[in-house]
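The lines below spell out each chain.
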Amino acid sequence: MEEVLKIYDAFGRIIIDKDLHTHTVYSHGKGSVLDNVKTAYDMGLKSIAITDHGIDHFIYGVSRKNLVKEKEDVEKARVQFPDMNILFGIESDIKGLSGRIDLKKEDFELFDIVLCGFHKPVWADKIGDYFKLFYNSYSYAVYKPTKGQIARNTKAYINTIEKNPIDIITHPNYHLKVNCYEVARACEDNGAVLELSSRHQDLTEKDYEDIFVKTNVMLAVNSDAHSLANIGNAEKAKDVVKEYGVDPKRIVNTAGVGFRFRSGYTISY
């Protein structure tokens, strides 16, 4: 008799056996590529994505030169851990209102998976974007964003999703308030996945309802680990999806779920 895959743990939470967002010493993480992979393997994870910060992140971003070295490290790790599904990726950056990101068209060929999010320390596309987008992110902690600013921020995300073959949009509302329904719908319409981050808890009850109830967007429950201790740690996000009764088939890194990304890369159960 064929074994039935276990999807829920003893607490009724979805089992996540794929961590699709982790960082290494190539950007803002504490461990090497091999450290991350070994940690994931020892935890019993089946897949891990190495996704360091983008090239134009001027504090922690991975350099183009190091991307070549990092990919070599990933290939070496695949030899040492043949039973692990190791994805080479990047967490690219939104650079402005136009939807431009810090990757060239030909760069996408380097990666198995491309994540993208908003981070404040990034070289903006245009000077005007610093005032229209990035300044808004710096003042976010002090001043409540206006409806106009939120609409503008949301449009930047939508342009990014529509103009680039991004696989996963990371931590929405982190330092930049958006209309999560519109962002989720743009992901759904264009085949992108929306991340529920365990590292950044910036979504409100309304945001969750907009994402879970009003759309059928596919989701990724990720750790966004910057340390070895947090690899595979998706507990906060798992609690949220349990609370809202999210169908495990909507979560691409649930045990037993396979998914084909925009890039064409397929993760299987």
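Nothing here was measured: the structure is a model prediction, and the numbers come from that model. Residue numbers restart at each chain and count upward from 1, following the sequence in its written direction. Confidence filtering applies because this is a predicted model: local features only for residues at pLDDT of at least 70, side-chain atom pairs given and counted only at 80 or more, and all residues used for totals across whole chains, interfaces and linings. Here the side-chain values reflect all heavy atoms present in the structure, with hydrogen atoms and water set aside.

> Hey, could you run me through the sheet that holds strand β5 (residues 168-169) in this one?
Sheet strands line up and pair through hydrogen bonds in the backbone, either parallel or antiparallel. Ordered by their spatial adjacency, seven strands build an open sheet running β1-β2-β3-β4-β5-β6-β7, and the pairing between neighbours is parallel. Strand pairing shows two members of the sheet lacking a second neighbour, β1 (18-22) and β7 (219-222), which therefore form its edges. Between any two strands, pairing holds if DSSP finds at least two bridges. For the purposes of this entry, the term helix denotes a DSSP run of H or I that reaches at least four residues, the term strand denotes a run of E that reaches at least two, and both are numbered from the N terminus. With two bridges joining them, strand β4 (residues 113-117) and β5 adopt parallel strand pairing. If you follow Cys-116 over to β5, its bridge partner there is Ile-169. Of the strands in this sheet, β1, β2 (47-53) and β3 (85-93) are in contact with helix α1 (residues 33-43), which crosses β2 at around 150°. The contact rule is simple, with two residues in contact once any of their heavy atoms fall within 4.5 Å. Axis definition: a line fit to C-alpha positions, over the contact stretch in the case of helices; interaxial angles, taken between N-to-C directions, run 0 to 180 degrees.

> Help me understand the side chain of His-23 in this model?
With respect to the helices, strands and loops of the structure, His-23 is situated in the loop between β1 and α1. Within the local environment of His-23, its side chain forms a polar contact with the backbone oxygen of Thr-51, the two atoms lying 3.3 Å apart. By the criterion applied in these results, polar contacts are pairs of N or O atoms within 3.5 Å in which, for protein atoms, one can donate a hydrogen and the other can accept it, and in which residues neighboring in sequence qualify only through two side-chain atoms. A distance of 3.2 Å separates a polar atom in the side chain of His-23 from a polar atom in the side chain of Glu-91. The residues touching His-23, leaving out its near neighbours within four places in the chain, are Gly-29, Asn-36, Thr-51, Asp-52, His-53, Glu-91, Asp-224, Ala-225 and His-226.

> Teacher, can you tell me more about the packing of helix α4 (residues 147-163) against helix α5 (residues 180-190) here?
Between α4 and α5, whose axes approach to 9 Å, the crossing angle comes to 10°. The angle between the axes of α4 and α5 places the two elements in the roughly parallel class. Contact residues: α4 offers Thr-154, Tyr-157, Ile-158, Ile-161 and Glu-162, while α5 offers Glu-182, Val-183, Ala-186, Cys-187 and Asn-190. The residue classification treats Ala, Val, Leu, Ile, Met, Phe, Trp, Tyr, Cys and Pro as nonpolar and Asp, Glu, Lys and Arg as charged. All others, Gly included, are polar. A class-by-class count of the residues in the contact of α4 with α5 yields six nonpolar, two polar and two charged. The cut-offs work like this: below 35 degrees is roughly parallel, past 145 is roughly antiparallel, 65 to 115 is roughly perpendicular, and the gaps in between are oblique.

> Before we go on, may I ask you to explain the layout of surface pockets in this structure?
Residues are called lining when one of their atoms sits within 4 Å of a cavity or pocket point, these points coming from a 1 Å grid over the protein atoms alone, where a cavity is a set in which a 1.4 Å probe fits but cannot get out and a pocket is an open set with protein on both sides within 12 Å along at least five of seven lines. Grid points are joined across faces, edges and corners, and a volume is the space filled by probe spheres set on the points. A volume near 200 Å³ is recorded for the largest pocket. As for the largest pocket, its lining consists of 15 residues, and the residues nearest its centre are His-28, His-53, His-57, His-119 and Tyr-174. Residue composition of the lining of the largest pocket, by class: three nonpolar, eight polar and four charged.

> What is the right way to look at empty space enclosed by the protein in this model?
Summary: where empty space remains is shown by rolling a probe the size of a single water molecule over the atoms. Under the counting rule described, the total for this entry stands at three cavities of 30 Å³ or more. Computed from the structure, the largest cavity encloses a volume of approximately 40 Å³. Of the residues assigned to the lining of the largest cavity, the class counts are three nonpolar, four polar and one charged.

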